[in-house]
Structure formats: structure tokens, C-alpha cells
Amino acid sequence: MLEAPVIIATSLLYLGTLFAVAWWGDKRADQGRSIIANPTIYALSMAVYCTTWTFYGSVGRAAVSGIGFLPVYLGPTLVMALGWIVLLKMIRIVKANRITSIADFISSRYGKSHGLGGLVTIIAVIGIIPYIALQLKAVSSTVSLLLSYPEIVMPHRSATMSVGADISFYIALILAAFTIVFGTRHLDATERHEGMVAAIALESGVKLVAFLAVGIFVTYGIYDGFGDIFDHAEANQKLQRLMTAIPSGKGYTSWFSLVVLSGLAVLFLPRQFQVAVVENVNEAHLKRAAWLFPLYLLLINIFVLPIALGGLLHFSGQGVDADTFVLTLPMSQRQEGLVLLVFIGGLSAATGMVIVETIALSTMVCNDLVMPLLLRHNRSAIEDAKDLSGLLLGIRRGAIVVILLLGYLYFRLAGEAYALVAIGLISFSAVAQFAPALIGGMYWRGGTRGGALAGLSAGFVVWGYTLLLPSFAKSGWLPGDFLAQGFFGIELLRPQQLFGLTGMDEISHCLFWSFLANIGAYVGVSLLRPPMVAEATQATLFVDALSETGQGGAVLWRGRAQVSDLQELVGRFLGPARAQSAFAAFARRRGSQGGGDEVTPEADAKLVQFAESLLAGAIGSASARVMVASVAKEEPLSIEEVMHILDEASQLRTYSRELERKSRELTAATLELQAANERLQELDRVKDDIMSSVTHELRTPLTSIRAFSELLRDDPKMHLADRERFLGLIVSETERLTRLINQTLDLAKIESGRADWNGCELDLKEVIEQSIAAISQLVREKEAHVEVDLPDNLPLILADRDRLIQVMLNLLSNAVKFLKPGSGRIRVTLSLHADGLQVSVVDNGPGIRPADQQLIFEKFRQVGDTMTAKPSGTGLGLPISRRIVEHFGGRLWVESVEGEGATFSFSLPFAHAQQQAVA
């Protein structure tokens with residue numbers, strides 16, 4: 001049975017597991033062994049986009065509008081597939097400027113403005129509160145359902161209960177405590193939470209497995225597959241409307257609006273900005289996220305429509321809320337294990353969103369609301385404090401509690417009047433207001449702080465009037481005639497038909513008017529005056545982030561500061577020990593890069609920039625600029641000086657890039673020279689081998705001739721028979737010498753290209769037969785046997801008959817030379833292949849020693865002299881043969897096993913394939 005103790009124990013065990021994973025991830029990060037330096041974990045962490053809205057609410061929306069739930073996932077898919085370059089640019093900017101939140105991003109772009117960062121924070125907090133309320137509603141509803149198990153009883157409205165009796169209130173407190181322990185255990189100058197990212201990736205896997213499990217159970221357990229569910233729905237007149245592709249009329253407008261909103265939300269929701277941009281450790285991870293995140297969205301939506309239709313069919317007329325079908329369908333079948341898994345999946349979806357969202361919002365509240373107020377009203381106390389890290393953590397922890405309680409308050413006041421998806425769309429519309437200032441700031445240099453303030457303010461006011469206030473009116477907390485009659489009874493000011501615009505759903509209506517006001521004010525005010533120095537400086541760094549100009553290097557600061565003052569300042573916020581360690585590491589890096597000893601009393605511009613970046617990670621860019629100014633005497637730069645510094649930096653980078661290119665070219669040229677020198681050395685070695693071989697072969701017959709001549713001269717009484725025998729040997733050696741000389745000259749002619757070639761179509765079988773007949777005397781002297789396998793009617797080849805006979809004679813005589821008398825055997829084969837004919841001469845001689853084979857084959861590739869592979873003797877016949885065969889488009893090679901003879905083979909292409917090569 002699913003009783004309260006089981007539910008509580010399971011929940012605590014799961015949350016404890018998440019905390020253990022987060023603790024382990026942070027510990028590994030401290031050891032320099034990051035577990036999130038993995039593209040798959042990065043892509044899974046982005047799936048924090050899928051909250052209880054996805055886990056429960058998509059089914060509820062599908063039960064009302066069929067596939068109308070899809071646009072919310074088409075938008076992120078299109079952004080990752082087509083707009084990933086925008087995300088890449090955001091990552092580059094964040095890393096270069098040590099940005100910690102979306103408020104910090106927009107504030108930094110427009111001159112590090114406190115006011116702009118504060119406005120973005122207010123919009124984000126107010127806009128996200130409905131989304132947090134959505135999570136509280138989903139978790140409290142599922143807990144209430146489980147407590148009534150096995151009965152299915154829809155939860156009571158929280159607004160009718162006292163706070164003390166409302167389970168949602170306690171869930172909000174538990175989530176607040178868990179988030180504090182989870183994400184604010186220490187202050188990190190990089191604002192990265194590696195343990196949190198690892199836990200979120202785990203949660204993404206859990207909720208996907210849980211949703212797929214219930215989808216498979218409904219589709220193949222309760223029903224007999226997709227076809228069965230759709231057939232039942234088609235037969236039900238009430239459900240036929242859900243089977244249409246896209247509703248007509250304003251449905252197209254709604255789809256377009258939802259695609260735009262969801263595409264912007266996946267970039268600008270504070271939690272998405274946190275995991276996709278701030279927590280990114282390697283921009284190359286985007287490559288996998290670009291397809292893995294959309295794949296995740298596809299998988300988690302495969303069973304949405306079957307579950308929705310199955311729930312409508314199963315609970316027809318029973319008053320079961322469609323948002324709960326994911327849980328109530330397995331409850332109705334008494335599948336306790338699956339019910340518990342689904343609950344954990346929904347808890348994962350809720351806790352993942354709450355943890356990341358509130359951590360991101362608490363950072364924004366601390367850095368862009370509270371710190372600026374403290375600097376304005378209590379600056380002396382901050383400057384005198386020795387360690388403010390505890391204060392910063394306290395502010396963030398308090399912000400987490402306040403944000404979750406505000407979410408609970410919205411849930412009590414208005415949350416129960418909307419379905420889960422409708423609540424989420426209110427938040428989507430709010431964060432979409434960041435798009436003009438943020439995207440415009442990344443691509444338009446003319447955007448100004450005044451334009452951003454005007455655009456955000458106008459868009460936020462219109463969003464609040466057309467969407468947020470109507471949510472309270474529908475809940476009964478505002479007069480009902482506000483929606484019907486408009487503000488002050490002016491019909492043109494009706495919030496959901498503003499200025500008489502009708503025919504749109506409330507989301508499309510809000511998006512149209514808020515974007516019109518936002519973009520119009522942003523562009524219009526920005527055009528009224530040119531950017532100030534600080535705005536122009538940041539504009540260059542942001543707009544050129546993907547180019548060399550925006551890659552860092554230009555330090556836009558001039559003045560005087562002491563190293564000790566800067567280190568002490570950073571130590572107030574990060575702790576003295578961490579500040580000292582950071583400065584020492586910076587000095588070591590500067591020294592290793594040729595910067596020399598950086599431990600000097602006077603700080604240079606790069607050290608000042610480093611100190612400011614450390615502070616920016618803890619208190620935000622705008623507050624960091626103020627605090628650095630309190631210990632450094634900065635000299636203001638004119639716009640001309642700023643542009644001159646940026647231009648010099650760009651020229652320096654261009655010069656450095658050119659030097660790198662020249663260096664690479666020089667290195668390549670050096671390697672080529674080395675390779676050429678090695679080739680020349682090898683050719684010299686080959687030449688020496690050839691000359692040694694030729695010299696040896698010429699010296700042998702000359703020595704024999706000299707010896708025989710001396711015998712004849714010194715012994716005039718020699719018998720006539722002996723004299724004739726020696727004269728015969730002299731003639732034989734003379735012929736051998738003549739043949740060697742001719743071969744040497746022949747090889748020289750071939751190598752130099754002066755050889756004569758007479759190509760014609762030949763029958764290779766006839767050439768082989770003539771060659772075998774020519775060496776028949778040698779074969780008889782060795783008492784050897786020649787076997788042939790020469791098929792008839794083979795295609796003709798194109799070659800020089802005399803040259804080809806020379807090749808065959810060389811191969812045959814080479815084989816005969818090393819046969820043992822009386823037991824020698826030679827086999828000659830001619831075979832047909834796909835691209836030509838192949839001739840093989842096989843002998844049963846001693847073969848080639850294994851130790852010599854590699855050297856032999858290498859020499860064969862270089863000069864074709866395989867005769868060195870034989871037990872004794874060398875010759876030039878094979879080099880000539882190889883050159884002849886290659887001239888006619890073929891190749892010659894040798895195969896051998898020691899003790900089993902050798903096989904010399906060559907192949908030649910058909911005549912029609914040789915025409916162009918010979919020509």
C-alpha cells in the first residue's frame with residue numbers, strides 16, 4: 001500500500017540521492033576532475049526545461065487541444081537546430097566577461113548598469129513566480145492523490161484551506177531548505193555549480209524513464225498499442241476533434257506564438273541561461289546538445305497523446321483532471337510500483353526546475369538588487385568589512401525562501417484557476433521580454449542603456465496588464481468587470497482585447513502588444529542619442545564576441561591601483577585565503593607567459609581586470625565595477641581612446657595570427673625539407689646498392705675470363721679437350737658480361753625515359769609460350785619440369801612484344817636459376833581478372849627467409865630488385881621487368897614462404913583500358 005510513510009521515505013531517499021550526487025560532483029570539481037566536462041551530461045542538464053508542465057501538463061493540454069502541446073517543444077528544437085550560433089555567442093560573452101546571470105548579461109552589455117540589472121531581476125522574479133507556483137501545484141496535487149490511494153480523489157482547492165493545513169506550504173518550505181543545502185553551500189567566483197549540474201542530468205534521466213514507463217504501460221498494457229488507442233478515440237465523437245492536425249482559424253496564430261515563446265524561453269528562462277550558458281565548461285559540447293536535447297524532447301513526448309486519449313477514454317464522465325492522467329491511470333490499475341516511479345519522475349521534474357531557477361534568481365537578487373542598495377546606502381560598512389562571503393550567502397539563502405513563498409502565494413491566489421500549461425505560458429511571456437535588449441545587444445552596436453530600460457519597462461508593463469492581472473481577475477482577486485470593460489471602464493483598454501484587437505488567444509495577444517511596445521521603445525530611444533563610452537566599449541566586446549576583436553586582449557582601463565588593495569578587496573567577498581590563492585595563480589600564469597614576476601606593489605591594467613572579474617562572479621559586473629573603483633584611481637577614457645585601444649588590440653591579434661600562420665608554414669616547409677633529404681639519402685643508398693650489385697656482377701665474369709685466359713696462356717701443353725672447354729667457358733662468361741652491360745644500359749634508358757616502346761595488341765598466351773620455348777635448354781640442363789595453365793580466347797593486351805618477352809625470360813630464368821637439379825618444378829599460369837590479366841611464375845626453390853622479407857619488399861618498392869631475396873646472386877632483370885610492366889599500366893610483385901619456393905606475378909590491363917595510358 002502507498003501510505004504516507006512510504007511516500008515520505010521514498011521522497012527523502014530520492015532527494016538524498018540527488019544531494020549525494022551533487023556533493024560528489026562538487027568534490028570532484030575541487031580536485032580538478034570535473035564530471036560535467038561531458039557533452040551528454042551538458043545536453044541532459046538542458047532538459048531541466050522539461051518541468052512538471054511537461055511531465056503532467058502536456059497530457060492535460062493534449063486532452064484539450066490534441067497535438068496543440070507540440071509547439072512548446074518545436075520552438076526549442078528549432079533554436080538548437082538553427083539558432084545554436086546565438087547560444088554559442090552567449091557562451092563566449094559569458095566566459096570572457098565572467099557573467100553570472102541573465103541580469104548580469106544585459107547589465108554588462110549596456111555599460112554595467114545597476115538600474116538595468118535591477119529591472120531585469122524584478123521582471124525575472126515576477127515572471128518566474130507563476131512557474132514556481134506551477135511546480136508547487138503539481139507536487140501538492142500528486143501527493144494529495146497518493147494519500148487517497150487506492151481511491152482517486154481530486155485534491156481540494158488550497159485557497160479554501162488554512163495555511164497550516166495546506167500541504168503546498170510545507171512542500172514550498174521543504175524545497176526551499178533543499179535548494180539552500182543544494183546550491184548555496186559556498187560562494188564560487190565562477191558561479192558554477194558542477195554538483196548541481198550532475199544532479200540535474202540525473203533527474204532528467206529519471207523523469208524520462210518514468211514518463212516512458214507509464215506511456216508504455218498505458219499504450220501496451222491498458223490498450224493494445226497506438227492503433228488501438230487511436231481507433232477507440234476515432235470512434236468516440238467527443239474525441240474526434242483531438243485527432244485533427246492543427247485547429248483552424250486562430251489556431252495557426254496560437255501555434256506561431258507558442259513556437260516563438262518556447263524558442264525564446266529555452267534561451268532566456270533564468271534556469272536555462274544558468275545550465276546552458278553559465279554552467280557550460282566547453283563550448284564544443286553544443287555540437288552534441290544540438291541533436292541530443294531535441295531527441296530528448298521527442299522521446300518524452302512520444303506517449304503524450306496516447307496517455308491523454310487513454311485517460312479521456314478510461315475516465316470518461318468521472319471528473320478526473322487531465323493534468324493527473326500520468327498518475328491516475330496506473331493508480332486505477334493498482335500498479336503501485338509504477339505509481340511510485342511516476343511520482344518520483346514528477347518530483348524530479350519539479351525539484352530540478354525549482355533548484356536551478358531559485359539558485360539563478362537568488363544570484364540575481366543578491367547581485368543586482370540587494371548589493372546595489374547596500375553600496376548606495378551602507379557603502380562604508382561594506383568597505384570596512386573583512387569578510388562578506390557569509391553576508392552574500394545569507395542574502396542568497398533568504399532570497400530562495402522569499403521566492404518560494406511568493407510562488408506559494410501566487411498559487412494560493414491565482415494558480416488554481418489555470419491549468420499547468422497556462423501557468424507556464426505566463427512565465428514564458430515574461431522572460432520573452434528580455435529578447436530585444438539581449439539579442440539586440442549582441443548584434444546591434446547602436447543599442448543604448450536608455451533604449452534597453454525603455455524597452456524592458458514597456459514590454460513588462462504590457463505583459464503585466466494583458467496577462468498577469470487577468471490571471472488574478474479570473475481567480476476573483478480583482479473585479480470581474482476589469483476583463484469585460486477595461487481599465488476605468490474604457491473598452492479600448494480591455495486587457496485581452498487591447499485597443500480593439502480581437503481574434504487572438506490571450507498568449508498571442510500579449511506577445512503581439514508587448515513585443516510591439518518593447519521593440520519600439522528599445523529601437524526608438526536608442527536612436528535618440530549615440531552610445532556613451534562605457535556602452536560603446538561593451539557593445540564592441542559583445543557584438544564582436546565570435547570574431548577576433550571580441551576574443552579578449554584589449555584592457556580598457558587606465559589608472560593606478562595597489563595589488564594589496566585589490567587582493568584585500570577580493571578577499572572581503574570570496575574570503576582572504578581564496579583571494580590570495582587566485583592572485584598567486586594569476587601571477588604564475590603571467591610569469592609562465594613571459595610576463596615576468598607579477599608580485600609588485602603597483603597593479604597593471606590586466607590585474608585590475610582580473611580582480612574585477614573575480615568580484616563579478618560573486619556580486620555581479622555592475623557592483624564589481626563600483627567596488628574596484630573604490631580602491632583604484634581610474635582615469636576616464638574618451639570614446640576615441642577606447643576605439644583606438646580596441647583597434648590596436650585587433651591589429652596586434654592580426655599580427656599574432658599572421659606570425660602563427662608564418663610559423664606553421666615554416667614548420668611545414670622544414671618538415672618537407674627533412675622528408676626530401678631523407679628521400680635523397682634513401683636514393684643515394686639505393687644507388688649505391690645498385691652500383692654495388694652491378695659492379696659485383698660485372699667483376700664476376702671478368703674474373704672468370706681472366707682466370708681462364710691465364711690458364712690457357714700458362715699451360716701451352718693443355719689437352720685440346722680442356723682447351724676447348726675453357727674457351728667455351730670464356731665465351732659463356734663473355735656473353736654473360738655482354739648481357740649484363742646491355743641490361744645496365746637498358747635500365748638506364750628506361751629510367752631516363754629514352755627507351756623505345758613499340759606498343760600493339762598482343763595475345764599474352766603466345767608471348768608466354770614463346771618465352772618458355774626460349775629457355776627450354778636451361779630447363780633441360782637443370783632437369784626441371786615446366787607446367788602451364790594458359791586458357792584460350794582471353795582478351796588482348798596492349799604492350800611491346802619484345803619487351804614483354806624480356807619480362808617473361810627474366811622471370812623464368814630467375815626461377816630456373818635457384819631450382820635444385822633433378823627435382824625442380826616451375827608452374828606458369830595465366831588468369832582472367834576483373835580489370836585485366838595476371839601471369840604467375842611459381843617455383844619450388846628455397847624461397848625467401850622471413851627475416852629478409854620486409855627488407856626485400858621495401859627494396860622491391862624502391863628499385864624492383866627482388867633478386868636480393870634469393871640465397872645468392874643478384875641481377876638487373878627484375879628492375880627492368882618492373883619498369884616495363886608499370887609502363888603499360890600494370891604492376892609486378894613477389895610472394896614467398898621460406899622453403900616452399902617463390903611466386904613472381906605481374907598484371908596488365910585489357911587493351912581498351914591501356915589506350916590512354918600508352919598514348
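Because the structure is predicted, anything quoted here is derived from the model rather than measured.

Colleague: Explain the overall build of the chain to me, and be specific about the residues and the numbers.
Modeller: Tallying secondary structure elements over the chain gives 36 helices and nine strands in all. Relative to its full complement of 919 residues, the chain shows a buried share of 52%. Sequence-distant contacts, at least 24 apart, represent 81% of the contacts inside the chain between residues at least 6 apart. If you sum the accessible surface of the chain, you get close to 40000 Å²; carbon and sulfur atoms cover 59% of it.

Colleague: Describe the packing of aromatic side chains, with residues and values.
Modeller: Tallied over the full model, the rule gives 21 aromatic pairs. Pairing tyrosine 49 with phenylalanine 428 gives two aromatic rings, centres 6.1 Å apart and planes at 35 degrees, and the pair type is tilted. You can see tyrosine 49 sitting in the loop between α2 (39–46) and α3 (52–65) and its partner phenylalanine 428 sitting in helix α19 (residues 420–431), a full 379 residues away along the chain. Ring geometry for tyrosine 220 versus phenylalanine 226: centroids 6.1 Å apart, planes at 80 degrees, classification edge-to-face. Overall, the relative accessible area of 52% leaves tyrosine 220 in the exposed class. Above the plane of the ring of tryptophan 893 lies arginine 891, whose end atom (NZ or CZ) is 4.0 Å from the centre.

Colleague: Tell me what's going on with the pattern of salt bridges, and back it up with residues and numbers.
Modeller: In the structure shown here, the tally under the stated rule is nine salt bridges. Across the salt bridge formed by arginine 827 and glutamate 787, the nearest N and O atoms sit 3.4 Å from each other. You can see arginine 827 sitting in strand β6 (residues 825–833) and its partner glutamate 787 sitting in strand β4 (residues 785–789), a full 40 residues away along the chain. We note a salt bridge from glutamate 886 to arginine 883, for which the minimum N-O separation is 3.9 Å. Of this pair, glutamate 886 and arginine 883 both sit in helix α35 (residues 877–887), three residues apart, roughly one helical turn. Of the residues examined, glutamate 886 reaches a relative accessible area of 37% and is grouped as partly exposed.

Colleague: So what about the packing of helix α7 (residues 114–147) against helix α15 (residues 325–332)? Which residues, and what values?
Modeller: The contact between α7 and α15 brings their axes to 11 Å, and the two run at 10 degrees. The orientation of α7 relative to α15 falls into the category roughly parallel. The segment α7 lies against α15, with Thr142, Leu145 and Leu146 engaging Leu327, Thr328 and Met331. The residue makeup of the contact of α7 with α15, split by class, is four nonpolar, two polar and no charged.

Colleague: Please set out the confidence of the model for the chain residue by residue, giving values where relevant.
Modeller: Of the residues in the chain, 76% have a pLDDT of 70 or more, and the chain-wide mean is 79. The low-confidence segment residues 592–599 (pLDDT under 50) makes six contacts with residues lying over four places distant or belonging to another chain. For the stretch residues 862–875, pLDDT sits under 50, and the model shows 45 contacts to residues farther than four places along the chain or on other chains.

Colleague: Any chance you could break down the packing of helix α5 (residues 84–97) against helix α24 (residues 533–543) for me, citing the residues and the numbers?
Modeller: At their nearest, the axes of α5 and α24 sit 9 Å apart, and the two run at 130 degrees to each other. In terms of orientation, α5 lies oblique with respect to α24. Residues Lys89, Ile93 and Asn97 of α5 form the contact with α24, whose own contacting residues are Gln538, Leu541, Phe542 and Val543. Class assignment for the residues of the contact of α5 with α24 results in four nonpolar, two polar and one charged.

Colleague: Talk me through the nonpolar core; I want residue IDs and the actual numbers.
Modeller: Grouped together as the largest cluster of nonpolar side chains are 168 residues, with contacts concentrated most on Leu87, Phe105, Ile307, Phe428 and Phe434. For this core, the element with the highest residue contribution is α7, accounting for 18 residues. Among all residues touching isoleucine 307, those that are not within four sequence positions of it are Val59, Phe211, Val214, Gly215, Val218, Phe325, Val326 and Leu329. Counting 40 residues, the second largest nonpolar core, distinct from the first, contains Leu764, Ala784, Met808 and Val828.

Colleague: Residues and numbers for the sheet that holds strand β7 (residues 836–843), please.
Modeller: Read across the open sheet, the five strands follow the order β4-β6-β7-β9-β8; overall the sheet is mixed. Single-partner strands in this sheet number two, and they are β4 and β8 (891–896). When the angles between neighbouring strand axes are averaged without regard to direction, this sheet yields 15 degrees. Alignment of β4 against β6, held across five bridges, turns out to be parallel. What sits directly across from valine 788, in β6, is valine 828. Sitting on the sheet, helix α31 (residues 764–774) is in contact with β4, β6 and β7, with an inclination near 170 degrees to β6. In the packing of helix α33 (residues 801–817) onto the sheet, the strands contacted are β6, β7, β8 and β9 (902–909), and the crossing angle to β9 comes to about 170 degrees.

Colleague: So what about helix α12 (residues 270–278)? Which residues, and what values?
Modeller: Taken across its nine residues, α12 has nine buried, putting it largely inside the fold. Of all the positions in α12, only Pro270, Arg271, Gln272, Phe273, Gln274, Val275, Ala276, Val277 and Val278 are classed as buried.

Colleague: Explain the environment of valine 342 to me, and be specific about the residues and the numbers.
Modeller: Within the element layout of this structure, valine 342 appears in helix α16 (residues 336–377). Judged by its relative accessible area of 0%, valine 342 is buried. A sequence separation of 200 residues divides valine 342 from threonine 142, and the C-alpha atoms of the two residues are 9.6 Å apart. Dropping the residues within four chain positions of it, valine 342 is found in contact with Phe55, Tyr56, Ala210, Val214, Val326 and Leu327.

Rules used in this analysis
Residues numbered from 1 in each chain as written. Predicted model: local features only at pLDDT ≥ 70, side-chain atom pairs only at ≥ 80, totals over all residues. Heavy atoms only, no water. Helix = DSSP H or I, 4+ residues; strand = E, 2+ residues; numbered from the N terminus. Buried < 20%, exposed > 50% of the residue type's maximum accessible area, 1.4 Å probe, protein only. Contact = heavy atoms within 4.5 Å. Areas by Shrake-Rupley, 256 points an atom, 1.4 Å probe, with all protein chains shown as cover. Phe/Tyr/Trp six-rings, centres within 6.5 Å; stacked < 30°, edge-to-face > 60°. Lys NZ or Arg CZ within 6 Å of the ring centre and 35° of its normal. Salt bridge = Lys/Arg side-chain N within 4 Å of Asp/Glu carboxyl O. Axes fitted to C-alpha atoms, helices over the stretch in contact; angles between N-to-C directions. Parallel < 35°, antiparallel > 145°, perpendicular 65-115°, else oblique. Nonpolar A, V, L, I, M, F, W, Y, C, P; charged D, E, K, R; others polar. pLDDT = per-residue confidence, 0-100. Core = buried A, V, L, I, M, F, W, Y, C linked by side-chain atoms within 4.5 Å. Pairing = 2+ DSSP bridges.

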